[in-house]
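Structure at a glance
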Amino acid sequence: MDERVAMAISHWSPRFTTNGVTAGDFERITAGLERWADWCAAWGEVAAEHEQLGRDALAAGREMSAGAHLSRAAVYYHFAKFLFVEDPGQMRAAHLAAVRCLTDALPFLDPPGRRIEIPFDGAHLVGVLREPAGDSPHPVVIMIPGPDSTTEEFRSTEELFLARGVATFSVDGPGQGEAEYDLAIRGDWEVPGAAIIDRLSVEATLDEDRIAMWGVSLGGYYAPRVASGDARVRLRGPGRAVQLRRPVGQPAGRGGQRPRRAAAAGEGQPRLRQPGAVSPLPDRRLGRRAARRAGQASRGGLRISGRA
């Protein structure tokens, strides 16, 4: 077996199955894979099966099943092109299929999703807004992926917030997902962050005074950059908490501007640091050090209460 295939199976199984791939499909797809060159096609083949199931269900009026199959197909197409940079043609085709399936699935999710395009720097940032049941306006959390993740991966995480009465806006930023072909990746996320918050602030069913940020991987660096420099971001809510993580294993001072410099742009803004206490990779001392530099008390863990 190709070393890259073996590594992918070993390292990615939890991530894939957490974010929408069934354990049976993961085993079925990877069991016969020997070459990394076949990765995209193997995942794309099973993704097409789920897409067809979704379209058949939609034609038969089974909207719940249609939404489930199409959103699953979107995740499979996403993981088909996941880091598959050897063949840009295959990668782009799988990406477009993922976008197509998720877009078609959105009206049939529970709760439904709505695609929002935000003009930015001559192109668009694309996000998915989902709102919980109950009276509005709702608090909303902006969910930011990392450099290799996209909004297609976020359904299971969205459910955690939606079940607690928090709306979600999963968005691909510059260099991510739908924007990766038109906009270069950038570290100053307070700029695209401001454009995103501007757009969400005009949604009548969202509470502009209760906006929070959440990020995974490199998104865990982008999120606090936005929060530290934009007074409209509130890391609060009745009985809820938001966890912000720095990129796993990234030492301070790498991957762009140092976190303490980014924080300095928003002196006086609330900041929540959670450097991954249960992970063997990040060093918790980095979070304490950053807190001391910002003049804040450092606490050892994250505590939540209420419905969270």
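See the structure shown above.
Values in this document were obtained by computation on a predicted structure and should not be read as measured data.

1. Considering the pairing of strand β3 (residues 138-144)
Most of β3 sits inside the fold, with 7 of its 7 residues counted as buried. Here β3 shows two buried faces, one formed by His138, Val140, Ile142 and Ile144 and the other by Pro139, Val141 and Met143. By the bridge criterion, 6 bridges tie β3 to strand β5 (residues 206-215) in an arrangement that is parallel. Considered in β5, the bridge of histidine 138 is made with leucine 206. As paired elements, β3 and strand β4 (residues 167-172) share 4 bridges and run parallel to each other. By the bridge assignment, methionine 143 is partnered in β4 with serine 170. Of the crossover connections in this fold, the one passing from β3 over helix α6 (residues 155-162) to the parallel β4 is right-handed.

2. Brief notes about the nonpolar core
Among the nonpolar cores identified, the biggest contains 34 residues, and Phe16, Val21, Trp39, Trp43 and Tyr76 are the most heavily contacted of them. Looking at this core, the elements that each hand over two or more residues are α1 (3-18), α2 (23-31), α3 (39-59), α4 (63-80) and α5 (88-105). The element that contributes the greatest number of residues to this core is α4, accounting for 8 residues. For phenylalanine 16, the contacting residues outside a window of four places in its chain are Val21, Phe26, Trp39, Trp43, Phe79 and Phe82. Ile116, Leu183, Val226 and Ala227 belong to the second-largest nonpolar core, a separate cluster that totals 29 residues.

3. Structural notes on unusual backbone geometry
For the peptide bond that leads from aspartate 110 to proline 111, omega is 0°, which places it in the cis range. In this structure, proline 111 sits in the loop between α5 and β1 (113-120). Each neighbour pair has its own omega, and for serine 136 with proline 137 the value is 10°, a cis peptide bond. One non-glycine residue, serine 217, lies in positive phi territory at about 55°. Within the secondary structure, serine 217 is located in the loop between β5 and α8 (219-229). The class of serine 217 is partly exposed, set by a relative accessible area of 31%.

4. Description of the pattern of salt bridges
Scanning the entire structure with this criterion turns up 23 salt bridges. Measuring nitrogen to oxygen at the nearest pair gives 3.2 Å for the salt bridge that ties arginine 28 to glutamate 49. Separated by 21 residues along the polypeptide, arginine 28 in helix α2 and glutamate 49 in helix α3 bring together distant segments of the chain. According to the relative accessible area criterion, arginine 28 is partly exposed, its value standing at 44%. Where salt bridges share partners, they join Glu51, Arg55, Arg100 and Asp104 into one cluster.

Here is what the cut-offs are and how they apply
- Every chain begins its residue count from 1, and numbering advances along the sequence as written.
- Totals for whole chains, interfaces and linings use every residue, but because this is a predicted model, local features are given only for residues with pLDDT of at least 70 and side-chain atom pairs only at 80 or more, for both listing and counting.
- As a convention, hydrogens and water are excluded, and side-chain values are obtained from all of the structure's heavy atoms.
- Between buried and exposed lies partly exposed: a residue is buried under 20% and exposed over 50% of the maximum accessible area for its type, with that area taken using a 1.4 Å probe on protein chains only.
- Here a strand is any run of E in DSSP of at least two residues, a helix any run of H or I of at least four, and the numbering for each starts at the N terminus.
- Whether two strands pair comes down to DSSP finding at least two bridges between them.
- The crossover handedness rule: strands pointing away from the viewer, path from first strand over the helix to second strand clockwise, crossover right-handed.
- Among buried residues, the Ala, Val, Leu, Ile, Met, Phe, Trp, Tyr and Cys ones that are joined through side-chain atoms within 4.5 Å form a nonpolar core.
- The contact definition used throughout considers only heavy atoms, calling two residues in contact when any of these lie within 4.5 Å.
- What makes a salt bridge here is a side-chain nitrogen of Lys or Arg within 4 Å of a carboxyl oxygen of Asp or Glu, nothing more.

Just geometry here; none of it tells us what the structure is for.
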